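# Working through the structure, step by step
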Amino acid sequence: MSKQIVIFIAPPGAGKGTQANLLAEKFGLVHIETSKIIEAKLKDADPNDPAMAEEKRKWLSGELNTPAIVKDWLLGKVSELAAENKSIVLSASPRTLYEAEAGMPEFEKLYGRGNIKVFHITLSEEESMKRNSGRRICEKNRHPIPNFPEYQNLTTCPQDGSPLITRALDKPEVIRERYRVYKVETEPVLDYLKKDGYTIIVINGEQPIEKVFEDILKNF
Ligand SMILES: [Zn+2]
């Protein structure tokens with residue numbers, strides 16, 4: 001199998017991180033989570049750097065981080081992995097038209113257009129609010145623990161045993177803002193890709209995790 005890029009575009013709470021992890025495990029892809037790259041950069045940032053302080057403020061309030069900065073961080077990571085001949089799955093990227101216009105030509109250069117697959121996982125605002133308000137992540141590796149009944153009694157991460165925490169960005173007012181931002185900033189990426197000749201594979205995200213994954217596998 002030639003190296004490939006799988007892209008998941010979905011609103012917050014659609015479980016794209018979970019699905020990307022499942023796909024990564026099954027086929028040995030590297031899961032690149034833009035949010036993890038941003039979190040890592042902000043964590044290591046010099047607290048006296050005003051540009052990074054501004055990025056941190058945006059992150060915590062649910063606004064999108066500066067596209068040019070995110071794009072550079074992401075492309076750096078992708079070219080690293082392409083050089084190692086690794087297949088990757090991207091959750092939540094490209095998140096803006098700007099990222100798509102800047103990133104897709106680079107992805108095509110590195111991986112070949114025929115090796116890029118785009119999934120759109122759909123989810124209503126109501127369902128997004130419901131799922132995200134109880135969502136947790138693990139402290140050690142940021143593994144997402146969605147707000148599903150089967151996970152309610154968990155106190156530690158099933159994968160690495162570290163404690164589960166709630167992120168500031170999973171507060172209701174921040175979730176609502178993230179959904180609004182998704183509609184305005186991210187959905188136009190789908191139209192851009194369609195116009196550019198990509199086939200968008202639409203998956204109904206309002207189903208149990210296993211069913212969503214099944215639908216993805218049918219189209220993989
Ligand atoms: Zn974990």
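See the structure above.
In this text the structure is predicted, and so the values were computed from the model without any measurement.

What counts, and where the lines are drawn
Residues numbered from 1 in each chain as written. Predicted model: local features only at pLDDT ≥ 70, side-chain atom pairs only at ≥ 80, totals over all residues. Heavy atoms only, no water. Salt bridge = Lys/Arg side-chain N within 4 Å of Asp/Glu carboxyl O. Helix = DSSP H or I, 4+ residues; strand = E, 2+ residues; numbered from the N terminus. Buried < 20%, exposed > 50% of the residue type's maximum accessible area, 1.4 Å probe, protein only. Axes fitted to C-alpha atoms, helices over the stretch in contact; angles between N-to-C directions. Parallel < 35°, antiparallel > 145°, perpendicular 65-115°, else oblique. Contact = heavy atoms within 4.5 Å. Nonpolar A, V, L, I, M, F, W, Y, C, P; charged D, E, K, R; others polar. Pairing = 2+ DSSP bridges.

## Here's the deal with the pattern of salt bridges
Here the structure, examined in full by the defined rule, presents 18 salt bridges. Across the pair E54 and R57 runs a salt bridge whose closest N-O atoms are separated by 3.0 Å. Taken together, the residues E54 and R57, both in helix α3 (residues 50-61) and three residues apart, mark about one turn of the helix. Residue classification places R57 among the partly exposed positions, given a relative accessible area of 41%.

## What to know about the packing of helix α4 (residues 67-83) against helix α5 (residues 97-111)
Relative orientation and spacing of two packed helices are given, respectively, by the angle between their axes and the distance between those axes. α5 packs onto α4 with a crossing angle of 10° between their chain directions and a minimal axis gap of 10 Å. One finds that α4 runs roughly parallel with respect to α5. From α4, P67, A68, V70, K71, L74, L75, V78, S79, L81 and A82 reach across to α5, where they touch Y98, E99, A102, G103, E106, F107, L110 and Y111. Class assignment for the residues of the contact of α4 with α5 results in 13 nonpolar, two polar and three charged.

## Concerning the sheet that holds strand β1 (residues 5-9)
In spatial order, the strands read β2-β3-β1-β4-β8; together these five strands make up an open sheet with parallel pairing. The open sheet has two edge strands, β2 (30-33) and β8 (200-204), and neither has a second partner. Across this sheet, the average inter-strand angle for adjacent strands is 25°, counted without regard to direction. Pairing between strand β4 (residues 116-122) and β8: five bridges, direction parallel. Bridged to V118 within β8 is I200. On the sheet, α4 packs against β2 and β3 (88-91) and is oriented at approximately 170° with respect to β2. Lying on the sheet, α5 is in contact with β1, β3 and β4; it crosses β1 at an angle near 155°.

## Topic: the sheet that holds strand β5 (residues 136-138)
If you walk across this open sheet you meet the three strands as β6-β5-β7, and the pairing is antiparallel. Both edges of this open sheet fall to β6 (144-145) and β7 (164-165), since each of them pairs with a single strand only. Note that β5 and β6 share two bridges and pair antiparallel. Counted as the bridge partner of R136 is I145 from β6.

In short, shape yes, function no, at least from these values alone.
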